[in-house]
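# Summary of structural features
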Amino acid sequence: ARSSSGDGEKIEASRDGESDGSDSDESVNLAAALVSIEACAEEGTLHFLARGNASVIPLQHVESRARRSRRSSTGIRFTSSGVAEGAESWLGRLTGKAELVTAPYLLKDRDLLRAAERASLPPTAVVAASRCDVYSLAAADFEKITADYPQFSERLRRAAERQRAGADVRGRNARMLARFVPSVVLQRLTRPPQLKAHEVSRFEACVGFVDISGFTKLSMLLREALGVRQGAEALNSIVNAYMTPVLAAIQYSGGDTIKFAGDAILVVWGANQQGGWAGSQFDEKGADPRIMKRLAALASDAVGCCMELVTRFNNYAAEIPYELQLFLDGLQQPAAIDSAPDEGQGGGGLSAAGGGGGQQAAADKAARAREIRTELRAHTLKLHCGAAAGEVTAFFVGGYNSAWEYVIAGNPIDSMSDAANEAQAGELFIDAATVELLQRECPGLLAVGRPSDDATSVRRDGGEGPASFEVQSWTAPDLIEFDPLALPRVDEGIALSERSEGPLSAFILPFVSRRVLSGQTSAWMSEFRMGTMLFVKIDGLDFTETPQAIAEELQRVVWAVQLFVARFEGHVLRLIVDDKGTRFKIAFGLTSHVDDAARAVTMACQLQAHLLQLSAGKITTAIGVTSGYTFLGDVGSDWRCEYTTTGAHVNTAARLMSAAAKRTVESGRLLCDDETRKQVGESTVLRFAPHAPLILKGIDAPVPVYVPSVREGVDMALVAELPMAVVGQADTLAALLRHVIVPGRLAVLTGPQGSGKSAVLREACTRTQAASRRS
């Protein structure tokens, strides 16, 4: 029996012709009706009436239980009278008296499975004890049931109110989380089947790289001027005010913002066309059915969008918040600014009035304030783009701890990266193959300028001549098929439901989901934190193999990375595949531990050894590790954003990864900076071999570098299990325990980041619970 529409259609559950095999010619109308879970809508809910109560069974939950109940049973058969022979005593034990089993009645899920087992029924069958009405509802319409069973009206009304309220909350939660996920992922998650294993697909698309520079310096200036708290909020306001129109232009042109790569954005035009998903995105409103676009039309959309971006948003003067303007003008000092550093936060900003450091100190602060004011007012954000078109491969990989990644790879990604590297501020470069595609298949006006440097780039398609060209101007043809087609959005082609919250959370950091669902705004979520960043490059993956072979190998690598990072309580921020290889961006310190730097370095050592062993030497890694203050926050707009990190030491970690990739495995392909070594301190697990200072791109002075490794004789399998001791906090712990020994008291523990608050609270809870058990 099935209600495929999920609209509350009433179904009379019955099945004819079931027998135990001994009387194969006997056809009986079973009073004990069978309702197959497989016939109901996937992930639907089976609502039924059970002795005066409205009951609910999540179908998948029941199915999973059923799969564990596969033992065969013997000797029970259904008769024409509707009673299973040999089952009367069982029904009596269940209900007290067999005659009390009256319609409408459906046995509880556990008993249903027992009945199915005893009757030799398929493990996915749900058995009713008598002829009854069954409702399979996607959204319960209890009013329809009440019309048939008025005796249950009051209880059904209350059940409907509870379900409706819960559905509303889950629906709101799904909407709040949807802005952290690309449109292509939203489309996949709203289509069956549920994502349970890695997936791969190939499709034609145009990819673009929008590189924005200036955020790192801006973050450093604001942190120095306003301190870590108000500086983070000011930076979030400035960045999102800039990103909102940028993302709006991308979305209007049909581009899907796949990832925020630091200060850059990876965009795909045509991602919604994979797997036959397109074709019905806008049919609900009767809009234009031009969903499947040719590659030339996608390239036209991408080039038109990128030209608009480099024209409008290069040399962009950041919008300084009003409160900061007042401070810079010397009219008012924000209340949050203090001449003393924020406790444990590495500086609280400059004070316009100076402070208790003497006249010279006041003069120095005033001079620095004037310098910051001049730099902020002169500071602009710069932007350049690269684009390429062709066939790309998309992967859904991961799944460890229900965390998934969506990543795109292929020659167009590499060509796009090469083109972006050639472009300077205010320029758009596209690869030569895309230039030829537009000239051949698109009747628009394309004017190209200087070519790429042949010494630094070659065509990925094997052709001759420059690899890419600067686009000086582009006029799209005045044809309907070349008109931009806006990407589907929530309620505009994408329908979210109360069941969408869980699948969406799989693509978002858990602590970010908790903060968003608790109602924290962008300003609340923005902060400067001391943390440790890692960039991990994976060498040895062959993306020229078949898509399925690539997906399986990539899946093994991603699973291993997720496992080791989770074991040490870090966070995988991003996975990206481009001309620089397959790279992970990993953070420790987003949720603080006193030993985040040590956790990060130890994890890196273990991950390197594990992947090398797992692949029999085929897969190697190059890792850069740095520590320092980082801006954390959601960057983007109200409809598309991503939780990301920005800071000078983040860029340094990427540079160290590139330097490590040039070293041999024997010499050590793991490099860290001096700040990480200092934060680890004296360690019985790790040792740091000095390395000659390196000259890194974008950094003026040579960077002191170390090669970390696990000390000889240390069992790496036990490193993650070393207990965290509460050191130097005996007085705090004792005071906390004395306070909370009185029932009803509340204790709030505050302190700088990394000072051991979590360890103290964990120890206090352990001791309090132990005392409660003894009493």
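As a starting point, this report considers the structure included with it. (Residues numbered from 1 in each chain as written. Predicted model: local features only at pLDDT ≥ 70, side-chain atom pairs only at ≥ 80, totals over all residues. Heavy atoms only, no water.)

Right, let's get into the side chain of Thr-630. Tracing the chain through its elements places Thr-630 in strand E21 (residues 620-636). Of note is the side chain of Thr-630, whose polar atom sits 2.3 Å from the side chain of His-649. (Helix = DSSP H or I, 4+ residues; strand = E, 2+ residues; numbered from the N terminus. Polar contact = N/O pair within 3.5 Å; in protein donor to acceptor, adjacent residues only side chain to side chain.)

Taking 1.5 Å of rise per residue, 21 residues should cover 30 Å, and helix H16 (residues 547-567) covers 30 Å from first to last C-alpha, within 8% of that figure. Looking only at H16, the buried set comprises Ile-550, Ala-551, Glu-553, Leu-554, Gln-555, Val-557, Val-558, Ala-560, Val-561, Gln-562, Phe-564 and Val-565. At the exit of H16 stands Glu-569, carrying a positive phi of roughly 65°. (Expected span 1.5 Å × (residues − 1). Buried < 20%, exposed > 50% of the residue type's maximum accessible area, 1.4 Å probe, protein only.)

What follows covers the pairing of strand E12 (residues 404-409). The buried count for E12 comes to six of six residues, which makes it a mostly enclosed element. Where burial is concerned, the two faces of E12 agree: the one with Trp-404, Tyr-406 and Ile-408 and the one with Glu-405, Val-407 and Ala-409 are both buried. Relative to E12, strand E11 (residues 380-398) runs antiparallel, the two sharing six bridges. By the bridge assignment, Thr-393 is partnered in E12 with Ala-409. Here E11 folds back onto E12, and the loop between the two strands holds five residues, one of which, Gly-399, carries a positive phi near 105°. (Pairing = 2+ DSSP bridges.)

Before going further, it helps to examine the packing of H16 against helix H17 (residues 596-614). Direction vectors running N to C along H16 and H17 enclose 150°, while the axes themselves pass 10 Å from each other. Classified by the angle their axes make, H16 and H17 are roughly antiparallel. Considering only the axes of H16 and H17, their crossing is right-handed. Together, Val-557, Ala-560, Val-561, Phe-564, Val-565 and Arg-567 of H16 and Met-603, Gln-606, Leu-607, His-610 and Leu-611 of H17 make up the contact between the two elements. Its residues assigned to classes, the contact of H16 with H17 shows eight nonpolar, two polar and one charged. (Axes fitted to C-alpha atoms, helices over the stretch in contact; angles between N-to-C directions. Parallel < 35°, antiparallel > 145°, perpendicular 65-115°, else oblique. Left-handed = near helix turned anticlockwise from the far one by under 90°. Contact = heavy atoms within 4.5 Å. Nonpolar A, V, L, I, M, F, W, Y, C, P; charged D, E, K, R; others polar.)

This part is about the nonpolar core. If you look at the biggest cluster of nonpolar residues, it comprises 64 residues, and the most contacted ones within it are Leu-222, Tyr-242, Met-243, Ile-265, Leu-309 and Leu-383. Of all the elements, helix H7 (residues 215-252) adds the most residues to this core, at 18 residues. Not counting chain neighbours up to four residues away, the residues in contact with Leu-309 comprise Val-210, Val-246, Ala-249, Ile-250, Asn-314 and Leu-383. The next biggest cluster of nonpolar side chains, apart from the first, holds 54 residues, and it includes Ile-258, Ala-388, Ile-413 and Ala-654. (Core = buried A, V, L, I, M, F, W, Y, C linked by side-chain atoms within 4.5 Å.)

No statement about biological role is implied by the geometric values presented.
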